[in-house]
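# Remarks on the overall topology
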Amino acid sequence: MSESVLIYNALCLPAPDIEALIEGRIIAAIPRILLNSGQKFALYPLDYSTNKLSIEQYYHPNFLPIAQSALTQLNSQGILLQPKQISLLQNEEQLQLPLLSNKTVSIKAWARCEHCQILDKTKRLDILSKLTIWTPEAFEAILQKQPHIFLAYLRVYKLPEFCEVAANPNIEEKLGKFVGLPNIGASETAPVINDRTFAQRKRQLEKLEPPLHPELEELQSAIASLAISQPAAKQLDDDIKVFLGWSSDKLIKQPDANLAWINNIAKLGDRSIEQDEGKSNYQAGTDFEIIARRSLDFLGFKVEENYKGGAGGLDLFCSQPYPLVCECKAGKSIPDRAVEELDRIGRRHLKENYLQAVRLIIGPGKPTKNLKESAEISKISIINVMTLQKLVEFKAKYPGAINLVELKQYLEPGQIDYKIGEYIDKAEREIKLRSQIITAVKELSEQDNETSKAIHPSFTVTEIRVHYNATHNPRLNDEVVHDLLIELSSPLTGYLGRIKGSDWKSDRFYFLRVFTY
């Protein structure tokens, strides 16, 4: 159960620094005082303020867009306003009016200090700069004013709702220090990063070990603005943040609005489902043919545009990865004549190539006995419209899961909905196995106390196989596990990392990101 926390004060930090903490980009702040381990406080955003350096000199170039956005958002709240100065008497000095502070400021997160380190100019501040958002010039500017830099390691938690508090007068004087707040109730239910990742990054920062993936940090910064409006960029942005340890392991996949059409496949094919009393038979057939074409294309077939049905026309012909002829039937059932129609039209259009093609009828309802017998004699497969929808849904959920060459083996003559079900079940088992292998490596990483001192604890094939076999059946051998690990550590998948050994038995693998099955 998460511990409840009562927050009554806040550490005042520049708004860009707080944004970086909430994003998980950094795990440390630079207060002006030494903090005690275990201190808990809210994070109060202030405008950027330094005597010597511009914002461009203070923050890394790849962080500047985020810094500027954070300041723009803060200033739009109008935290402090200086009224226009006025003079009551001619030729007299202007009357200085106090700052108005009737605005509010949003508190988004709270933090617990895990450690506060004292650094001076003898430390590798160039490495510290690479591990944070601040430039070497920023550290030099601080050390010109004081002998030490206080580096506070903060475990940051998001508040369930932003807390609006009245802006404090003369708040600039509190930068890097504490200010009182009305009591805020909080909890540890929403950590920015998990325990293990925080421990790894804290150790890396304490030892000033160089960042492992600076090029990915550059890429993340480059796509950050695109992620606001483009779902594909948002998914990549989320994945990179997980890989870098900037956010928690688990990602919640949002439904893709571009795939909403999939829900209409069965409705357009089975008119007992669709409420379409006003639609003609011709229009219903055309609508289903269009969505069936889109479905086969989505599954990975190359659908030839020269065949588009109509009177005497071939509904669908796919040329790759193997020839496939398809007849689409919308209605409440598939007519018995459908097999003869496909044979006749297919032979007329494709000539001798027709018999070499896989032949398929897609339609609603349960085929009659005569239809099934005719299909088996003519070596034509029949599937229900809902089976097509299930295939497409499976492809949408696991984009790389359907192997059309393997699927061909299940396209037997006759009614084959159960065969397609078998194929989907088989593919799901293979996906589940890979998910379990990833989980096994993740669990080893979390359990291993010795190797956890490294940024990425790694394990041999045998260690992973033993851990997997301890809780799963059937048991796997080293060769099978190694093949799976190679697949999962490919750049195209990226769930695991690989340290190549002198032979396959000495290869080592480490956890990168979860796969949610």
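Residues numbered from 1 in each chain as written. Predicted model: local features only at pLDDT ≥ 70, side-chain atom pairs only at ≥ 80, totals over all residues. Heavy atoms only, no water.

Once that is clear, we can look at the overall build of the chain. What the chain contains, in helices and strands, is 17 helices and 15 strands. The burial tally for the chain puts 48% of its 517 residues in the buried class. Of the contacts made within the chain by residues no fewer than 6 positions apart, 69% connect residues no fewer than 24 positions apart. About 26,900 Å² of surface is accessible on the chain, with carbon and sulfur atoms providing 51% of the total. (Helix = DSSP H or I, 4+ residues; strand = E, 2+ residues; numbered from the N terminus. Buried < 20%, exposed > 50% of the residue type's maximum accessible area, 1.4 Å probe, protein only. Contact = heavy atoms within 4.5 Å. Areas by Shrake-Rupley, 256 points an atom, 1.4 Å probe, with all protein chains shown as cover.)

Applying the stated criterion to the full structure yields three cavities of 30 Å³ or more. Considering the residues around the largest cavity, the lining is formed by 12 residues, among which Ala15, Glu19, Pro45, Gln73 and Lys108 are closest to the centre. Mapped by element, the contributors of at least two residues to the lining of the largest cavity are α1 (15-23), β3 (40-46), α3 (64-76) and β4 (104-119). The element best represented in the lining of the largest cavity is α1, accounting for four residues. Per-class residue counts for the lining of the largest cavity are seven nonpolar, three polar and two charged. By volume, the second largest cavity is sized at about 80 Å³. Lining of the second largest cavity is provided by Leu296, Leu299, Phe301, Leu324, Leu360, Ile383, Leu388, Leu391, Leu407, Leu411 and Ile420. Within the residue set of the lining of the second largest cavity, elements represented by two or more residues are α10 (281-299) and α13 (385-397). Of the residues belonging to the lining of the second largest cavity, the class tally is 11 nonpolar, no polar and no charged. (1 Å grid on protein atoms, 1.4 Å probe; cavity = no way out; pocket = protein on both sides within 12 Å on 5 of 7 lines; lining within 4 Å. Points joined across faces, edges and corners; volume = space filled by probe spheres on them. Nonpolar A, V, L, I, M, F, W, Y, C, P; charged D, E, K, R; others polar.)

The next thing to look at is the sheet that holds strand β13 (residues 458-460). Pairing is antiparallel across the open sheet formed by three strands, whose spatial order is β13-β15-β14. Looking at the sheet topology across the chains shown, the edges are occupied by β13 and β14 (496-499). The average angle at which neighbouring strand axes cross in this sheet is 35°, direction not considered. Of the strand pairs in this sheet, β14 and strand β15 (residues 508-511) are connected by four bridges, and their pairing is antiparallel. By the bridge assignment, Ile499 is partnered in β15 with Arg508. (Pairing = 2+ DSSP bridges. Axes fitted to C-alpha atoms, helices over the stretch in contact; angles between N-to-C directions.)

As a further point, take the packing of aromatic side chains. Using the criterion set out here, one finds nine aromatic pairs in the structure. Look at Phe41 and Phe178: their rings are 5.3 Å apart centre to centre, the planes differ by 70°, and that puts the pair in the edge-to-face class. Here Phe41 is found in strand β3, whereas its partner Phe178 is found in strand β6 (residues 178-187), with 137 residues between them in sequence. The ring of Tyr354 carries Arg359 above its face, with NZ or CZ at 5.1 Å from the centroid. If you follow Lys408 out to its NZ or CZ, it ends over the ring of Tyr322, 5.0 Å from the centre. (Phe/Tyr/Trp six-rings, centres within 6.5 Å; stacked < 30°, edge-to-face > 60°. Lys NZ or Arg CZ within 6 Å of the ring centre and 35° of its normal.)

This part covers the confidence of the model for the chain. Parts of the model with low pLDDT should not have their predicted coordinates read in detail. Looking at the chain as a whole, its pLDDT mean stands at 82, while 83% of the residues score no less than 70. For the stretch residues 78-102, pLDDT sits under 50, and the model shows 39 contacts to residues farther than four places along the chain or on other chains. Under a pLDDT of 50 for its full length, residues 449-454 has, in the predicted model, six contacts with residues more than four places off or in other chains. (pLDDT = per-residue confidence, 0-100.)

For the coordinates displayed, the defined rule picks out 17 salt bridges. Of the charged contacts, one joins Glu341 and Arg337 as a salt bridge, the two residues approaching to 2.7 Å between their closest N and O atoms. Exposure remark for Glu341: the relative accessible area of 15% places this residue in the buried category. A salt bridge links Lys426 to Glu406; the nearest nitrogen and oxygen atoms lie 3.2 Å apart. (Salt bridge = Lys/Arg side-chain N within 4 Å of Asp/Glu carboxyl O.)

Let's shift gears to the nonpolar core. In globular proteins that are soluble, nonpolar side chains generally tend to be buried together. Within the largest apolar cluster, 74 residues are counted, with the highest numbers of intra-cluster contacts made by Phe41, Leu43, Tyr44, Tyr59, Trp134, Leu151 and Leu154. Ranked by residues supplied to this core, first place goes to strand β5 (residues 149-166) with 10 residues. Setting aside anything within four residues of it in sequence, one finds Phe41 in contact with Ile7, Asn9, Ala10, Leu11, Leu35, Trp110, Ala111, Cys113, Leu154 and Phe178. By size, the runner-up hydrophobic cluster in this structure holds 40 residues, among which are Leu268, Cys318, Val385 and Ile431. (Core = buried A, V, L, I, M, F, W, Y, C linked by side-chain atoms within 4.5 Å.)

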